[in-house]
Amino acid sequence: MTTPTTSTHPSHSGQAVEPAAAVEARSIADIRSAVLQARRRGLPVAVRSTGHGSLVSPDGAMLISTSSMTGVDLDPDRRIARVRPGARWSDVIAAAELYGLAPMSGDTPSVGVVGYTFGGGVGWLARPYGYGADNLVSAQLVTADGELVRAAAEEHPDLYWAIRGGGGNFGIATELEIRLAPVSRVIAGVAYADIDRAAEALQWFGDHAAELPSTFTVAPRLLRTSPLPQHAGPVLAVGAVYAGDLDSAATAFSGLHAMIGAPLYDDFAVRRYSGIAVPGTRPQGFEMYRELSDGLIKTAVDSVIDEDGGNALEFRHWGGATAQPAPGAGPVGHRDVPFSIKIDGGPEVVAALAPTATGGKFLNFLADPTQTRRAYRMHDWYRLREVKRRWDPDNIFRINHNIPPA
Ligand SMILES: Cc1cc2nc3c(=O)[nH]c(=O)nc-3n(C[C@H](O)[C@H](O)[C@H](O)COP(=O)(O)OP(=O)(O)OC[C@H]3O[C@@H](n4cnc5c(N)ncnc54)[C@H](O)[C@@H]3O)c2cc1C
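Now for the pattern of salt bridges. Under the counting rule described, the total for this entry stands at 22 salt bridges. Residues R390 and D158 are paired through a salt bridge, measuring 3.0 Å at the closest nitrogen-oxygen approach. Within this pair, whereas R390 is found in helix 10 (residues 378-391), its partner D158 is found in helix 5 (residues 157-163), the two being separated by 232 residues in sequence. Overlapping salt bridges bring together D75, R78, R150, E154, E155 and E177 as one network.

Right under this line is the structure:
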């Protein structure tokens, strides 16, 4: 454990920040002692594993890094992984693959398991198996009092409910138990089509996404710059992952063909789960929609063609298991809303796409932490604030998407 009193650290934005103290934790004891020290000194606590989601500056805080506490233990019979707080998805994917299993990870394996899971966690297996948070079986946490507690269905159920979508507000996780899916091979890739085809393809997507099997996840992206050497300029790039029975894949893919026609190029192939290489989109903005109207589609397509528009817009359909939570599921997401757009573009692009949006957010794609409340339904927000009051009444865990105590 190290505790420099002045030291500069790169933030997510690349700017140097000065925490009051910084601890590279190597054990649970290090985390507990850092939390207690922060309390004695009246400091807020910032937690960091990879730094991928550190949106709030830890200036003047006790910054606790868990990045050295890596490691994953697998119980293949129970399909459970026990994950330490510095582990990234790549660690879990590699361990699970040996047993024909896969975690509910996202589009980027270098993302940390804890931050992703506590923020909801949506990836290619969310439609068949639920959010990352839905597959959290238990967590061991150091609380704001420096106590070590376990949160699970039968132990501290209020805390267990809150961490499955409430972010890092309730304690510092020292270990997670997560469920794995019996998935080893998938069909995955990207199909590219001329941008002139984009409006028709997105209309098809808006009309027919609900009919696609839950094992099939499609993400049409509008890109300002085509990555294809033979095709310059804007392009439609439809990423898709099929995680069902391979013998039934043709039916799912017939939908994709109806959507885009003959592609300029595609790289669909049967791949290991670890071999999925469908890129994501930087969420400078994120909006959710009940339907994809013609006006919204036109605004979106124009945006990547216009000189001052966005770099990339990624459409997603939700549904499947994300819309059918088990009883007692956590507060994550607006599960009844079928579509979203991740927006890699400036404020004017985000504003142009906002008028028909629901206003709801997904915590992991929320770049503006002042809008945290919008990630929840109203009654879940008030319940989260009650749980926060019980477990962190002084709000020491506030360097995050903060939920203030009731
Ligand atoms: C390139 C990229 C791709 C992404 N793709 C997806 C995706 O496909 N799906 C998706 O859902 N999200 C995605 N995200 C969002 C990502 O899940 C969140 O940013 C997440 O918070 C990152 O967690 P981290 O541990 O890597 O980052 P960190 O910056 O280390 O942590 C982020 C936050 O997580 C909390 N946290 C981290 N560790 C702990 C801990 N031990 N105890 C308690 N709280 C903790 C803290 O609040 C912390 O501020 C992506 C992000 C990036 C940068």
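A separate point is the sheet that holds strand 8 (residues 136-142). Read from one edge of the open sheet, five strands run 6-7-10-8-9, paired in antiparallel fashion. Sheet topology places strand 6 (72-75) and strand 9 (148-152) at the edges, where each strand pairs with a single neighbour. Pairwise comparison of adjacent strand axes, ignoring direction, gives a mean angle of 15° for this sheet. Strands in contact with helix 1 (residues 28-41) are strand 8, strand 9 and strand 10 (172-179); relative to strand 8, the strand with the most contacts, it is inclined by about 55°. In the packing of helix 2 (residues 89-97) onto the sheet, the strands contacted are strand 6, strand 7 (80-83) and strand 10, and the crossing angle to strand 6 comes to about 35°.

Our next topic: the domain arrangement of the chain. When the domains of the chain are assigned, the result is domain 1 (9-65), domain 2 (72-182) and domain 3 (185-370). The interface of domain 2 with domain 3 comprises 28 residues on the first partner and 34 residues on the second. For the pair domain 2 and domain 3, the summed buried surface comes to about 2600 Å²; carbon and sulfur atoms form 58% of the total. Among the residues domain 2 hides against domain 3, the three largest losses belong to W124, R127 and Y131. Together they make up 40% of the total. Seen at the junction of domain 2 and domain 3, the total is three salt bridges. Residue D107 pairs with K342 through a salt bridge whose shortest N-O separation is 3.6 Å. Remark: the boundary between domain 2 and domain 3 carries twelve residue pairs in polar contact (both at pLDDT 80 or more). When residues of the side of domain 2 that touches domain 3 are traced back to their parent elements, those giving at least two are helix 2, helix 3 (113-118), helix 4 (126-129) and helix 5. In terms of residues, the side of domain 2 that touches domain 3 owes the most to one element, helix 4, which gives four residues. Its residues assigned to classes, the side of domain 2 that touches domain 3 comprises 13 nonpolar, ten polar and five charged.

Now for the side chain of T66. Mapped onto the fold, T66 is located in the loop between strand 5 (62-65) and strand 6. Once residues lying within four places of it in the same chain are set aside, the contact partners of T66 are I31, V47, R48, S49, P85, G86 and I172.

Surveying the vicinity of the ligand reveals 28 residues, the closest of which are S49, T50, S54, G112 and V122. In the environment of the ligand, a nitrogen atom lies 2.8 Å from a nitrogen or oxygen atom belonging to the backbone of V122. Within the contact set of the ligand, an oxygen atom lies 2.9 Å away from a side-chain nitrogen or oxygen of N364. A total of 950 Å² of accessible area belongs to the ligand in isolation, and the protein chains cover 88% of it. In terms of residue count, helix 3 provides more of the shell around the ligand than any other element does, four residues in total. Split by residue class, the shell around the ligand holds eleven nonpolar, 15 polar and two charged.

In this section: helix 7 (residues 249-260). For helix 7, built from twelve residues, the straight-helix expectation of 16 Å at 1.5 Å per residue is met to within 8% by its first-to-last C-alpha distance of 17 Å. Considered for burial, the residues of helix 7 that qualify are A249, A252, F253, G255, L256, M259 and I260. Each buried residue of helix 7 sits inside an arc of 140° when the element is viewed along its axis, so together they form one side. Exposed residues pointing more than 90 degrees away from the buried face of helix 7 are listed as A250, T251 and H257. In this structure, the buried side of helix 7 is in contact with strand 11 (185-194), helix 6 (198-208), strand 12 (216-223) and strand 13 (235-242). At the exit of helix 7 stands G261, carrying a positive phi of roughly 70°.

Among the structural elements, Y265 can be located in strand 14 (residues 265-266). As for Y265 and A191, which are separated by 74 residues in sequence, their C-alpha atoms are 5.9 Å apart. Among residues more than four places away in sequence, those in contact with Y265 are V190, A191, Y192, L228 and Q230.

Counting 57 residues, the largest nonpolar core has F118, L141, I163, L176 and I178 as the members making the most contacts within it. Counting contributing residues per domain, this core is built from domain 2 (72-182) and domain 3 (185-370), each supplying no fewer than three. Among all residues touching L141, those that are not within four sequence positions of it are F118, E147, L148, V149, A151, L159, I163, G171, I172, A173 and T174. F205, L222, A249 and L292 belong to the second largest nonpolar core, which has 40 residues in total.

Turning to the packing of helix 6 against helix 7, a few remarks are in order. Taken N-terminus to C-terminus, the directions of helix 6 and helix 7 make an angle of 140°; their axes are 7 Å apart at the nearest point. In terms of orientation, helix 6 lies oblique with respect to helix 7. Each of A201, W204 and F205 in helix 6 lies in contact with helix 7, whose residues at this interface are G255, A258, M259 and I260. Taken together, the residues that form the contact of helix 6 with helix 7 break down as six nonpolar, one polar and no charged.

Conventions we followed
Residues numbered from 1 in each chain as written. Predicted model: local features only at pLDDT ≥ 70, side-chain atom pairs only at ≥ 80, totals over all residues. Heavy atoms only, no water. Salt bridge = Lys/Arg side-chain N within 4 Å of Asp/Glu carboxyl O. Helix = DSSP H or I, 4+ residues; strand = E, 2+ residues; numbered from the N terminus. Pairing = 2+ DSSP bridges. Axes fitted to C-alpha atoms, helices over the stretch in contact; angles between N-to-C directions. Contact = heavy atoms within 4.5 Å. Domains from an automatic or database assignment. Buried area = accessible area lost by both parts, 1.4 Å probe. Polar contact = N/O pair within 3.5 Å; in protein donor to acceptor, adjacent residues only side chain to side chain. Nonpolar A, V, L, I, M, F, W, Y, C, P; charged D, E, K, R; others polar. Near = heavy atom within 4 Å. Areas by Shrake-Rupley, 256 points an atom, 1.4 Å probe, with all protein chains shown as cover. Expected span 1.5 Å × (residues − 1). Buried < 20%, exposed > 50% of the residue type's maximum accessible area, 1.4 Å probe, protein only. Arc of directions from axis to C-beta. Core = buried A, V, L, I, M, F, W, Y, C linked by side-chain atoms within 4.5 Å. Parallel < 35°, antiparallel > 145°, perpendicular 65-115°, else oblique.

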